[in-house]
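So the chains spell out like this:
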Amino acid sequence: MRRAPSWFNITSLMLGLAFLYLPMVVLVLYSFNASRLVTVWGGFSTRWYAALFHDDQFITAAMISLRVALAAATLSVVLGTMAAYVLVRAGKFLGRTVFQGMIFAPLVMPEVITALSMLLLFIATGVNRGQATLVVAQTTLLMCFVCVVVSARLASHDRAMEEAALDLGCTPFAAFRLVTLPIIAPAVISAWLLAFSMSLDDLVMAAFIAGPEATTLPVRLFSAVRTGVSPQINALSTLIIGIVTLGVIVSSLITRHAAVRASRLARQDET
């Protein structure tokens, strides 16, 4: 018989959820505050959302963050998947230990050290800092996370189907494109989403690498908060929370629909 949860477990769970989500609820409520003071309620109003959409600095920073995140996530997925395939499928080769260490070094190295080293590299080579340099720097950091996710899926994948494709005349690239890639596609998509979210959230790398014409949204928010929390920041944060919540709901619905469809097909095969 399953035991009912104790009052201590329930209380601990409620306190933990309140600690995590109560500040977000307060932030969402005060984004509709008519007062300029974020701690004083002045009535319900949506004026700060209108002011946010007319703020060119925040809109430009958001667009830059979106472009950089799309480019960095895509490049890191391509390079990270290639690195994972080499580490899992290539076996032992000369320089494997050095290659593996260079791939996973950013995981254990403080991000500020990586950002500072990339900054010194761009200064020494005379490269103008901007969106391109930020994409390169973030790709260097995110590639290791992609490699970990994809290599875990490759290591658990049975190679029998790949070997069968090779026996039937496929080239190694065709076998990877037609057999391996569809199988590891969920891991690749998960790695892309992880890299995309980490790029959007990145502050340290953007603060070091991005030039004056490539200010991202986290850097803009950090600069604005240092001079005081504006109601526009509450409105912007509420929009981000709403987009993330909508994405989680859509993802859950798609996953549930896929699971129901798979179980239905399994029952049809049994009958």
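Residues numbered from 1 in each chain as written. Predicted model: local features only at pLDDT ≥ 70, side-chain atom pairs only at ≥ 80, totals over all residues. Heavy atoms only, no water.

- An unreviewed UniProt entry lists the protein chain under the name ABC transporter permease subunit, with Rhodobacter capsulatus given as the organism.
- As recorded by UniProt, the Subcellular location (unreviewed entry) comment attached to the protein chain reads in full: "Cell membrane".
- For the protein chain, the Sequence similarities (unreviewed entry) comment in UniProt is given as "Belongs to the binding-protein-dependent transport system permease family. CysTW subfamily." (UniProt positions renumbered as here; feature names shortened; annotations may be inferred.)

Brief notes about the nonpolar core
Buried together is how nonpolar side chains tend to be arranged in soluble globular proteins.
Step number 1: Grouped together as the largest cluster of nonpolar side chains are 19 residues, with contacts concentrated most on V146, C147 and V150.
Step number 2: Secondary structure elements with two or more residues in this core: α3 (56-89), α6 (131-156) and α8 (172-201).
Step number 3: When residues of this core are assigned to their parent elements, the largest contribution, 7 residues, is made by α3.
Step number 4: Dropping the residues within four chain positions of it, V150 is found in contact with T81, A84, I184, A187, V188 and A191.
Step number 5: Residues V68, L141, M205 and I209 belong to the second largest nonpolar core, which totals 16 residues. (Core = buried A, V, L, I, M, F, W, Y, C linked by side-chain atoms within 4.5 Å. Buried < 20%, exposed > 50% of the residue type's maximum accessible area, 1.4 Å probe, protein only. Helix = DSSP H or I, 4+ residues; strand = E, 2+ residues; numbered from the N terminus. Contact = heavy atoms within 4.5 Å.)

A short note on the environment of G126
Step number 1: Secondary-structure assignment places G126 in the loop between α5 (111-125) and α6.
Step number 2: Residue class for G126 comes out exposed when judged on its relative accessible area of 56%.
Step number 3: Along the primary structure G126 and I189 are separated by 63 residues, whereas in three dimensions their C-alpha atoms are 35 Å apart.

Here's the deal with the side chain of T81
Step number 1: Mapping T81 onto the fold places it in helix α3.
Step number 2: In this structure T81 comes out as buried when scored by relative accessible area, which is 8%.
Step number 3: Beyond its immediate sequence surroundings of up to four residues, T81 is in contact with S76, V146, V150, F176, I184 and V188.

Digging into the UniProt feature "transmembrane region" (unreviewed entry) in the protein chain
Step number 1: Here the UniProt-annotated "transmembrane region" (unreviewed entry) positions come out as residues 12-32, 58-87, 99-123, 135-155, 175-195 and 233-254.
Step number 2: Segment residues 135-155 splits into 100% helix and 0% strand. End C-alpha atoms: 29 Å apart.

Some points on the packing of α5 against α6
Step number 1: With their axes 11 Å apart at the nearest point, α5 and α6 run at an angle of 140 degrees to one another. By the angle class used here, α5 and α6 are oblique. Viewed along their axes, α5 and α6 form a crossing whose handedness is right-handed. Counted together, E111, M118 and F122 of α5 and T133, V136, A137, T140 and L141 of α6 form the full contact between these two elements. (Axes fitted to C-alpha atoms, helices over the stretch in contact; angles between N-to-C directions. Parallel < 35°, antiparallel > 145°, perpendicular 65-115°, else oblique. Left-handed = near helix turned anticlockwise from the far one by under 90°.)

As for the UniProt feature "domain: ABC transmembrane type-1" (unreviewed entry) in the protein chain
Step number 1: The sites that carry the UniProt feature "domain: ABC transmembrane type-1" (unreviewed entry) are, in the present numbering, residues 62-254.
Step number 2: The span residues 62-254 is 83% helical and 0% strand by assignment, and the distance between its end C-alpha atoms comes to 27 Å.

Topic: the packing of aromatic side chains
What describes a pair of aromatic rings is the distance from one ring centre to the other and the angle between the planes of the rings.
Step number 1: Per the stated rule, a full pass over the model turns up 5 aromatic pairs.
Step number 2: With 6.2 Å between their ring centres and 90 degrees between their planes, W7 and F8 make a pair best called edge-to-face.
Step number 3: Relative to F196, the ring of W192 has its centre 5.1 Å away and its plane inclined at 10 degrees; by these criteria the two rings are stacked. You can see W192 and its partner F196 sitting in helix α8, 4 residues apart, about one turn around the helix.
Step number 4: Among the residues examined, W192 registers a relative accessible area of 25% and is labelled partly exposed.
Step number 5: On the accessibility criterion, F196 (17% relative accessible area) is buried.
Step number 6: Taking the ring centre of W48 as reference, the NZ or CZ of R47 above it sits at 4.2 Å. (Phe/Tyr/Trp six-rings, centres within 6.5 Å; stacked < 30°, edge-to-face > 60°. Lys NZ or Arg CZ within 6 Å of the ring centre and 35° of its normal.)

Things to note about helix α1 (residues 7-30)
Step number 1: Helix length check: α1, at 24 residues, gives a terminal C-alpha distance of 33 Å against a target of 34 Å (1.5 Å per residue), a fit within 8%.
Step number 2: Of all the bends in α1, the greatest, near 40 degrees, is centred on Y21, and the proline P23 appears no more than four residues after it. (Expected span 1.5 Å × (residues − 1). Bend = angle between axes of the 7 residues up to and from the residue.)

Focus on α5
Step number 1: Here α5 spans 21 Å end to end across 15 residues, near enough to the 21 Å set by a 1.5 Å rise per residue.
Step number 2: Among all positions of α5, only T114, A115, M118, L119 and F122 are buried. Down the axis, α5 shows its buried residues gathered within 135 degrees of arc, on one side only. Pointing more than 90 degrees away from the buried face of α5 are the exposed residues L120, I123 and A124.
Step number 3: In this fold, the buried residues of α5 make contact with α6 and α9 (204-209).
Step number 4: A positive backbone phi angle near 75 degrees is found at G126, which sits one or two residues after α5. (Arc of directions from axis to C-beta.)

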